[in-house]
Amino acid sequence: MIYQIKDGSKQFLTTFVFDNIDFNIKRGEKVAIVGRNGAGKTTLMRIINGEESLDDGFENKGKDIEIAYLSQASVSNEDNTILEEVSLVFDRVKNELEKLKSIEEALKKDPDNTDLLERYAQTTTRFEMLGGYNFEFEMHKVLENFGFDRSRYDQVVKSLSGGERTKVAFAKLLLQKPDLLLLDEPTNHLDLSTIEWLEGYLKKYEQALIIVSHDQMFIDNIVDKIWDIEFAKLTSYSGNYSQFEILKEQAMLNQKKYYIQQQKEIKRLEELIEKFRHKSSKAAFAQSKIKYLERMDKIELDKHDKQVFKANFKSATRGSNKVLTVNQLAVGYDKVLAEVSFEIFRGEKIAIIGDNGTGKSTLVKTLMDQVSKLSGEFLWGHSITTSYFDQQLAQVDSNKTVLEDMWDSYPNLVQSEVRTLLGNFLFSADDVFKQVGVLSGGEKVRLSLLKVMLSQTNVLVLDEPTNHLDILSKRALADAMNTYDGTILFVSHDRHFINEVASKIIVLKDNEVKYFDGTYSEYIDKQQVQVIENNRVNDVITKPKKTSYSNNWVKKLEASISEREEKIKILEASTFDPNVYDDYEKLNEVQQLIVKEQELLDSDYENYYEYLESVD
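Residues numbered from 1 in each chain as written. Predicted model: local features only at pLDDT ≥ 70, side-chain atom pairs only at ≥ 80, totals over all residues. Heavy atoms only, no water.

1. A word on the sheet that holds strand β2 (residues 15-25)
Part 1: Read across the sheet, three strands follow the order β2-β1-β4 without closing on themselves; strand pairing throughout is antiparallel. Two strands lie at the open edges of the sheet, namely β2 and β4 (56-61), each paired on one side alone. The sheet shows a mean angle of 20 degrees between the axes of neighbouring strands, taken without regard to direction.
Part 2: Judged from the five bridges that link them, strand β1 (residues 3-12) and β4 form a sheet pairing that is antiparallel. From the neighbouring strand, K6 faces β4, where its bridge partner is F58. (Pairing = 2+ DSSP bridges. Helix = DSSP H or I, 4+ residues; strand = E, 2+ residues; numbered from the N terminus. Axes fitted to C-alpha atoms, helices over the stretch in contact; angles between N-to-C directions.)

Shown next as structure tokens:
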């Protein structure tokens, strides 16, 4: 056991955030805390991290347990270079290495000393747990996946943007390998490839992990336990988020079933008591039933919050069949980020995906005349009308109330209509008199989406519409998008939402544009199939003489290691595909490929360790 709370309670003023909760987490467990916005997820994380305390109850933390929290992560010295700052994490590794070398020297003089041998075994174990044999490679890999290649290692931290400093702190946190890692919304502002890499990293993380995230696919692919916080109660479920939803629904149905059965039994007993309580010959019987009822453990139906906003997107006019024609359109600011050509037809729902900086948002801004094109052309079809959701404009502050903001946008609506519409988007009672500037991120998104819905255009252009929405709200938006009778072009990093909505994919990557006719799952499946079909046993990179390790050779070796690890990850993922695991021959073929790639990866690592020893 790493950490435990028993009978824990926390309240703000007179409202309980959680009341009499119990849980514990063991080494190696991966847990997601889920619940509606405001349920207390972040508060619980802060309590576990020691930033806040319980009002009642008991905490128990294992001896010498190290806990690290993403939201609290920071850089140590802004005057450090990126490499210097991240290397601070490995002071413990270097100390253990020095101890090993010292013990090795002592063992040369006294090889049978049992005390030295025991110390050597203990120190070796600690060194391995800290990733001592490959810490330099892991550091390079983590930094690269956060967007920092070797050319940026000497860049001073204080010259980085706020987002980049957060990534440096995040990289340090991962490399620190604490006993309990706390991550609050770790996928915020990360692109798809980084999210997928982070998933793979956290899957292999050997210590305990607690995540708060609104990214369903991210949670599904990592955790093995869910803590659900609802109306101040915490309930633990085994499995990932998809499994949790099934288990929770079943638990609700069972509780209702047992509640109804018990109420029938209570009514039957009360009728018996009323029938016999006034008869002297049956008074003892009636009294026994009264005591039985008093001792009965009454079932109370748990409250559940399934409330989501109700959207009904529809177009006022049909528009032409050909919605948009794009021909060699170059988008960017001071340089071209992407050059695209494509056509969109009525009713299509198209997702634009790609890494940060590839031009996704710039493309939609250009199509909406928010940014000037660099070259090429695009043409909207006849009678095409568009509405635009901008992730940045959705978060703009305003002193207007919610009600005033809506009336300014749609002055012809009467008060009853506005109040009804706002109520459908979860702005009820006094919520409509809140200033827009004090709304939460999710509330601002809902308000912007309501305005988009009321425009009744036949094309929706959406830039990150799911930001700040919880999982149930994202699902409600996906349902609304799927019943919309118009055309949708949208940018998103939420893979579950993309998979639920998009029928086509535009991929911006490495200055190239790829088009895929199908869902996101089908796109991923095709990538996996290509890896299997194109996979071939490449020669292991020839090891140079020990005295002639060139920078080019090292870079090729590191690239080979990364490529092989990525291939193994894709191949392993494909074994969970029903088309593979239900087909023995396909499954056997994939497993053989995994074995071959693993052998080549082991050989690459052996070469890399020898290189590290040579430059030590």
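2. Regarding the domain arrangement of the protein chain
Part 1: Here the protein chain is partitioned into domain 1 (77-176), domain 2 (245-295), domain 3 (322-531) and domain 4 (550-614).
Part 2: Placing a centre on the C-alpha atoms of domain 1 and another on those of domain 3 gives a separation of 43 Å. (Domains from an automatic or database assignment.)

3. Regarding unusual backbone geometry
Part 1: Phi angles above zero are rare outside glycine, and L13 is one such case at about 55 degrees.
Part 2: Counting through the fold element by element, L13 comes out in the loop between β1 and β2.
Part 3: You can call L13 exposed: its relative accessible area is 82%.
Part 4: Look at K177: it is not a glycine, yet its phi comes out positive at around 55 degrees.
Part 5: Among the structural elements, K177 can be located in the loop between α6 (162-176) and β6 (180-184).
Part 6: Look at K177 and you get buried, because its relative accessible area is 18%. (Buried < 20%, exposed > 50% of the residue type's maximum accessible area, 1.4 Å probe, protein only.)

4. Observations concerning the pattern of salt bridges
Part 1: Summed over all chains, the structure comprises 36 salt bridges.
Part 2: We note a salt bridge from E105 to K108, for which the minimum N-O separation is 3.2 Å. With E105 and K108 both in helix α3 (residues 91-109), this residue pair falls three residues apart, about one helical turn.
Part 3: The class of E105 is partly exposed, set by a relative accessible area of 45%.
Part 4: When the shortest N-O distance is used, the salt bridge between R152 and E164 registers 2.9 Å. One end of the pair, R152, is in the loop between α5 (135-145) and α6; the other, E164, is in helix α6, and 12 residues separate them in sequence.
Part 5: Where salt bridges share partners, they join K10, R46, E51 and E52 into one cluster. (Salt bridge = Lys/Arg side-chain N within 4 Å of Asp/Glu carboxyl O.)

5. Topic: the packing of helix α12 (residues 402-409) against helix α13 (residues 415-424)
Part 1: Relative orientation of the contacting elements α12 and α13 amounts to 115 degrees, with a least axis distance of 11 Å. Crossing angle aside, the handedness with which α12 passes α13 is right-handed. Residues V402, L403, M406 and W407 of α12 lie in contact with α13, whose contacting residues are Q415, V418, R419 and L422.
Part 2: The class makeup of the residues in the contact of α12 with α13 is six nonpolar, one polar and one charged. (Left-handed = near helix turned anticlockwise from the far one by under 90°. Contact = heavy atoms within 4.5 Å. Nonpolar A, V, L, I, M, F, W, Y, C, P; charged D, E, K, R; others polar.)

6. A short note on helix α7 (residues 192-203)
Part 1: Over its 12 residues, α7 runs 17 Å from end to end, which matches the ideal 16 Å to within 8%, given 1.5 Å per residue.
Part 2: With nine of 12 residues buried, α7 lies mostly within the body of the structure.
Part 3: Of all the positions in α7, only L192, T194, I195, W197, L198, E199, G200, Y201 and L202 are classed as buried. (Expected span 1.5 Å × (residues − 1).)

7. Details of the nonpolar core
Part 1: Judged by nonpolar contacts, the single largest core of 48 residues is most densely connected at F146, L174, L202 and I226.
Part 2: Tallying contributions element by element places α6 first for this core, with six residues.
Part 3: If we ignore the near neighbours within four places in the chain, the residues touching F146 are K167, F170, A171, L174, L190, T194 and W197.
Part 4: F309, A351, A476 and V501 belong to the second largest nonpolar core, which has 45 residues in total. (Core = buried A, V, L, I, M, F, W, Y, C linked by side-chain atoms within 4.5 Å.)

8. With respect to the packing of aromatic side chains
Part 1: Counted according to the given criterion, the structure contains 14 aromatic pairs.
Part 2: Ring plane angle 70 degrees and centroid distance 5.1 Å describe the contact between Y237 and F244, whose orientation is recorded as edge-to-face.
Part 3: On the accessibility criterion, Y237 (12% relative accessible area) is buried.
Part 4: The exposure class of F244 is buried, given its relative accessible area of 4%.
Part 5: Joined through ring pairs, the aromatic side chains of F146, F170, W197 and Y201 make up one cluster.
Part 6: Over the face of the ring belonging to F276 we find K282, whose NZ or CZ atom lies 5.7 Å from the ring centre.
Part 7: When the ring centre of F427 is taken as reference, the NZ or CZ atom of R446 above it lies at 5.1 Å. (Phe/Tyr/Trp six-rings, centres within 6.5 Å; stacked < 30°, edge-to-face > 60°. Lys NZ or Arg CZ within 6 Å of the ring centre and 35° of its normal.)

9. A few points about helix α15 (residues 471-483)
Part 1: For α15, spanning 13 residues, the distance from its first C-alpha to its last is 19 Å, which sits close to the expected 18 Å at 1.5 Å a residue.
Part 2: Those residues of α15 lying buried are I471, S473, K474, A476, L477, A478, A480 and M481.

10. A look at the packing of helix α9 (residues 241-276) against helix α10 (residues 283-295)
Part 1: In contact at an axis separation of 9 Å, α9 and α10 are set at 150 degrees when each is read in the N-to-C sense. Relative to α10, the element α9 is oriented roughly antiparallel. The chirality of how α9 crosses α10 is left-handed. Of α10, the residues touching α9 (which contributes I266, L269, E270, L272, I273 and F276) are A283, F285, A286, K289, I290, Y292 and L293. (Parallel < 35°, antiparallel > 145°, perpendicular 65-115°, else oblique.)

11. Let's talk about the pairing of β6
Part 1: Counting buried positions over the five residues of β6 gives five, a clear majority of the element.
Part 2: Of the two faces of β6, the one carrying L180, L182 and D184 and the one carrying L181 and L183 are both buried.
Part 3: Of the pairings in the sheet, the one linking strand β5 (residues 67-69) to β6 comprises three bridges and is parallel in character. If you follow Y69 over to β6, its bridge partner there is L182.
Part 4: By the bridge criterion, five bridges tie β6 to strand β7 (residues 208-212) in an arrangement that is parallel. For D184, the partnering residue across the bridge sits in β7 and is V212.
Part 5: After leaving β6, the chain enters α7 and then returns to the sheet as β7, a path that is right-handed. (Right-handed = clockwise from strand over helix to strand, strands pointing away.)

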